[in-house]
Amino acid sequence: MVESSFKKKTILMIVGDFVEDYEVMVPFQMLQMVGHEVHAVCPKKKKDETIKTAVHDFEGDQTYTEKPGHKFTLNHDFSKVKASDYDALVIPGGRAPEYLRLDKDVIEITNHFIENDKPIAAICHGIQILTATGKLKGRTLTCYPAVSVEVTGCGCTYKEIDADKAHVDGNLVTAVAWPGHPDW
């Protein structure tokens, strides 16, 4: 028998209505496919409730286009989240981070991962939740370019990279948008 060095992790994914479809669906499914347990949660929602997603596409306009996505079913209750039970945090982008960053519990949970140097993967507008913590001064992040003002405004350095790439700064992995999934 071949012994594997793989260690199953329990990963928290914070989502909300109008999260970007690919940025939630792809990592949620891929992380489970490779054997991790992923809890997708949304403030004020419970297990088996759904959120709406939005598809952001890059079609040559000045910014992304937005189209209706799918319904995404939550698999865990937000009210039951205890940050210390998780090994890593995933924050997808889309419209959801605009309002999720205003939720004190979302910020408290995110702070736990920052303060305990646990892995955090954030993509596109998901970086808005990271910047709202006020705890990343001096770090280097990438994001969707329209969010770069928030990155520099909170004392971080914005790293401009191609959309199909990701940037690593210690425990933080950030990417511009869903084309960066393979590198992210």
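For the structure, check the block above.
Residues numbered from 1 in each chain as written. Predicted model: local features only at pLDDT ≥ 70, side-chain atom pairs only at ≥ 80, totals over all residues. Heavy atoms only, no water.

**Focus on the side chain of Asn171**
What counts is decided by this rule: In DSSP terms, a helix is any run of H or I states spanning at least four residues, a strand is any run of E spanning at least two, and both are numbered starting from the N terminus. Only protein chains enter the area calculation, which uses a 1.4 Å probe; residues under 20% of their type maximum are buried, those over 50% are exposed, and those in between are partly exposed. Definition of a polar contact: a pair of N or O atoms within 3.5 Å, with one able to donate and the other able to accept a hydrogen when the atoms are protein atoms, and with sequence-neighbouring residues admitted only if both atoms are side-chain atoms. Here a residue-residue contact requires only that any non-hydrogen atoms of the pair lie within 4.5 Å.
Residue placement: Asn171 occurs in the loop between β10 (166–169) and β11 (172–175). The exposure class of Asn171 is buried, given its relative accessible area of 10%. In this structure the side chain of Asn171 is engaged in a polar contact, spanning 2.8 Å, whose partner is the backbone oxygen of Lys118. Within polar-contact distance, the side chain of Asn171 engages the side chain of Arg139 at 2.9 Å. Contact partners of Asn171, with chain neighbours within four places excluded, come to Phe113, Asp117, Lys118, Pro119, Ile120 and Arg139.

**Considering the pattern of salt bridges**
As a reminder, the rule being used: Whenever Lys or Arg places a side-chain nitrogen within 4 Å of a carboxyl oxygen from Asp or Glu, that contact is recorded as a salt bridge.
Applying the stated criterion across every chain yields a total of 10 salt bridges. Here Arg95 makes a salt bridge to Glu98, at a shortest N to O gap of 3.1 Å. Classification of Arg95 as partly exposed rests on a relative accessible area of 34%. For Lys104, the salt bridge is made with Asp105, and the minimal N-O distance between the two is 3.4 Å. When salt bridges with common partners are traced through the structure, they connect Glu66, Arg95 and Glu98 into a single cluster.

**Concerning a nonpolar patch on the surface**
As a reminder, the rule being used: Within the patch definition used here, like charges are joined within 9 Å and nonpolar side chains (Val, Leu, Ile, Met, Phe, Trp, Tyr) within 5 Å, considering only residues with over 30% relative accessible area and no salt bridge. Per-residue and other accessible areas follow the Shrake-Rupley method at a 1.4 Å probe size, with only the shown protein chains counted as cover for residues.
A contiguous nonpolar surface patch, about 540 Å² in accessible area, is contributed by Phe6, Tyr22, Val26, Met30, Met33 and Val34. Note on placement: Met30 falls in helix α1 (residues 21–33). Judged by its relative accessible area of 42%, Met30 falls in the partly exposed class.

**Focus on the layout of surface pockets**
The condition is simple: The distinction between a cavity and a pocket rests on a 1 Å grid over the protein atoms alone: a 1.4 Å probe fits inside a cavity but cannot get out, while a pocket stays open yet meets protein on both sides within 12 Å along at least five of seven lines, and a residue with an atom within 4 Å of a point counts as lining. Grid points are joined across faces, edges and corners, and a volume is the space filled by probe spheres set on the points. The classification used treats Ala, Val, Leu, Ile, Met, Phe, Trp, Tyr, Cys and Pro as nonpolar, Asp, Glu, Lys and Arg as charged, and all other residues, Gly among them, as polar.
Size it by volume and the largest pocket reaches roughly 330 Å³. For the largest pocket, the lining is made up of 17 residues, of which Ile11, Leu31, Val90, Ala121 and Trp184 are closest to its centre. Broken down by secondary-structure element, the contributors of at least two residues to the lining of the largest pocket are α1, β6 (88–91) and β7 (120–123). Its residues assigned to classes, the lining of the largest pocket shows 13 nonpolar, three polar and one charged.

**Re the environment of Phe72**
Here Phe72 shows up in strand β5 (residues 65–73). For Phe72 and Glu49, which are 23 residues apart along the polypeptide, the C-alpha to C-alpha distance reads 8.4 Å. Sequence-distant contacts of Phe72, defined by excluding residues within four places in its chain, comprise Val24, Met25, Phe28, Ala40, Glu49, Thr50, Ile51 and Thr53.

**Some words on the sheet that holds β5**
Pairing between the strands of a sheet is mediated by backbone hydrogen bonds and can be parallel or antiparallel. The test is simple: In this scheme, strands are said to pair when DSSP sees at least two bridges between them.
Read across the open sheet, the three strands follow the order β2-β4-β5; overall the sheet is mixed. Single-partner strands in this sheet number two, and they are β2 (19–20) and β5. Bridge count for strand β4 (residues 50–57) against β5 is seven bridges, and the pairing is antiparallel. Note that in β5 the partner of Ile51 across the bridge is Phe72.

**Focus: helix α3 (residues 104–115)**
Keep this limit in mind: Here, expected helix span is obtained from the residue count minus one, scaled by 1.5 Å.
End to end, α3 covers 16 Å across 12 residues, agreeing with the expected 16 Å (1.5 Å per residue, within 8%). Of all the residues in α3, the buried ones are Val106, Ile107, Ile109, Thr110, Asn111, His112, Phe113 and Ile114. Residues of α3 that are buried sit in contact with β1 (10–14), β6, α2 (96–100), β7 and α4 (127–133). In the segment just after α3, Asp117 is the residue with positive phi, at about 55°.

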